[in-house]
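# Chains, contacts and geometry: an overview
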Amino acid sequence: MPIKSPEAPLNVACLQMEPVFGDTERNIATSISMIEQAAAQGARLMVLPELCNTGYVFASRAEAFALAETIPGGPSTRAWCNCAAQLNVYLVAGITEREGESLYNSAVVIGPEGFIGRYRKVHLWGDEALYFEPGNLGFPVFKTRIGTLGCQICYDCWFPESFRMAALQGAEIVCVPTNWVPIPGQDPHREAMANILVMAASHSNSLYIAAADRVGTERGQPFIGQSLITSYTGWPVAGPASVTQPEIVIATVNLADAKRHRNWNDFNQVLKDRRPETYEPTGVVK
């Protein structure tokens, strides 16, 4: 029997933290402490930042390989699985993954019953291409007892197709572990460009999105925080969080609304109105 999304409020949390590069044991302890704090506030689904178990700025592929772990057998995934089982929560967390001789910038999806699945970042940013293979799993969605989850990681958010694929496969919420960095030309008086992209994707796909960023500076690279949770309308329902400090942001949502309200009026539904037959280049009209 397929799992149906419940008609019940769900507390979703983004856990904005500051990993310490290379100190996996400390980072996992920090993440578990934040998970426990969020659970005490009623959160049932929690999202942690990109590569939060190791840190992000690798000096070499050898360094990345030494810090990477297998999934689900590695110590980080095992620790998160134990925590999720004890607290009866769902987690999406960024992790440096090793499979054979290949490395991936990945996210694990975990529930009270244990490991559910993984997502591998499709669109690599900057030096990541020196260490990681592009994701080879596409954009899977995960049906759980709390709803249907999709995943993306950081730079994936710059590609509208990423969110559209999740929506077309039935996702109600997309969980985004991320490590957003400053964008050239950012207006300091406006929302971060990453937040604008997330808001637009929520609106144009009728999806909840929970994007958990990190803070701090690592090996000279600053990160911008501002984690947020958006409604299917596109407007934030929690956050943006601090630019500089670790923080937990929580929102109460009904995931079923993401699908229920895709009909914008008597005529228009954002997914049904697609015309894929027109989406091929037709050449330059002179």
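Read on for a plain summary of the structure. Please read these numbers as outputs of a predicted model, since none were measured by experiment.

## Observations concerning the state of the cysteines
Taken as a whole and judged by the stated rule, the model has zero disulfides. Left unpaired, Cys14 is separated from the closest cysteine sulfur, that of Cys175, by 8.0 Å. Just so you know, Cys157 is unpaired, no disulfide at all, and the nearest cysteine sulfur is the one on Cys154, 7.1 Å from it. A relative accessible area of 5% means that Cys157 is categorised as buried.

## Quick look at the packing of aromatic side chains
Here the structure, examined in full by the defined rule, presents nine aromatic pairs. Ring centres 5.9 Å apart and planes at 90 degrees place the aromatic pair Tyr56 and Phe223 in the edge-to-face group. Note that Tyr56 is positioned in the loop between β2 (45–47) and α2 (61–67) and Phe223 in the loop between β11 (221–222) and β12 (228–230), a separation of 167 residues in sequence. Each member of the pair, Tyr56 together with Phe223, is buried. Their ring planes at 75 degrees and their centres at 6.0 Å tell us that Phe58 and Tyr131 sit as a pair that is edge-to-face. Of this pair, Phe58 sits in the loop between β2 and α2 while Tyr131 sits in helix α4 (residues 128–131), and the two are 73 residues apart along the sequence.

## Things to note about helix α1 (residues 24–40)
In this model α1 runs 24 Å from its N-terminal to its C-terminal C-alpha over 17 residues, within 8% of the 24 Å that 1.5 Å per residue would give. Taken residue by residue, α1 has Thr24, Asn27, Ile28, Ser31, Ile32, Met34, Ile35 and Ala38 as its buried positions. Down the axis of α1, the buried side of the element spans an arc of 165 degrees, and every buried residue falls inside it. Residues of α1 that are exposed and point over 90 degrees away from its buried face: Glu25 and Ala40. Looking at the residues trailing α1, positive phi occurs at Gly42, about 95 degrees.

## Describing helix α6 (residues 193–205)
In a regular helix each residue adds 1.5 Å, so 13 residues correspond to 18 Å; α6 covers 18 Å between its end C-alpha atoms and thus fits that length. Along α6, the residues classified as buried are Ala194, Asn195, Val198, Met199, Ala201, Ser202 and Asn205. Burial along α6 is one-sided: seen end-on, the buried residues are contained in an arc of 160 degrees. Two residues or fewer past α6, Ser206 is found with a positive phi of approximately 50 degrees.

## Remarks on the nonpolar core
Among the nonpolar cores identified, the biggest contains 51 residues, and Val12, Leu45, Ile173, Trp180 and Ile229 are the most heavily contacted of them. With five residues, strand β9 (residues 208–212) is the largest single contributor of residues to this core. Here Ile229 is in contact with Val12, Ala13, Cys14, Ile209, Ala210, Trp235, Pro236, Val237, Ala238, Val249, Ile250 and Ala251, once residues within four sequence places are set aside. Of all hydrophobic cores here, the second largest spans 24 residues; its members include Ile32, Met46, Leu48 and Cys52.

## Observations concerning the pairing of strand β7 (residues 147–151)
Where a strand is regular, its side chains alternate between the two sheet faces. Taken across its five residues, β7 has five buried, putting it largely inside the fold. Note that strand β6 (residues 141–144) and β7 share four bridges and pair antiparallel. Bridge assignment links Phe142 to a residue of β7, and that residue is Leu149. Between β6 and β7, which pair antiparallel in sequence order, lie two residues. Looking at chain direction, β7 and strand β8 (residues 173–177) are connected through three bridges and run parallel.

Calculation rules
- Residues numbered from 1 in each chain as written.
- Predicted model: local features only at pLDDT ≥ 70, side-chain atom pairs only at ≥ 80, totals over all residues.
- Heavy atoms only, no water.
- Disulfide = S-S within 2.5 Å.
- Buried < 20%, exposed > 50% of the residue type's maximum accessible area, 1.4 Å probe, protein only.
- Phe/Tyr/Trp six-rings, centres within 6.5 Å; stacked < 30°, edge-to-face > 60°.
- Helix = DSSP H or I, 4+ residues; strand = E, 2+ residues; numbered from the N terminus.
- Expected span 1.5 Å × (residues − 1).
- Arc of directions from axis to C-beta.
- Core = buried A, V, L, I, M, F, W, Y, C linked by side-chain atoms within 4.5 Å.
- Contact = heavy atoms within 4.5 Å.
- Pairing = 2+ DSSP bridges.

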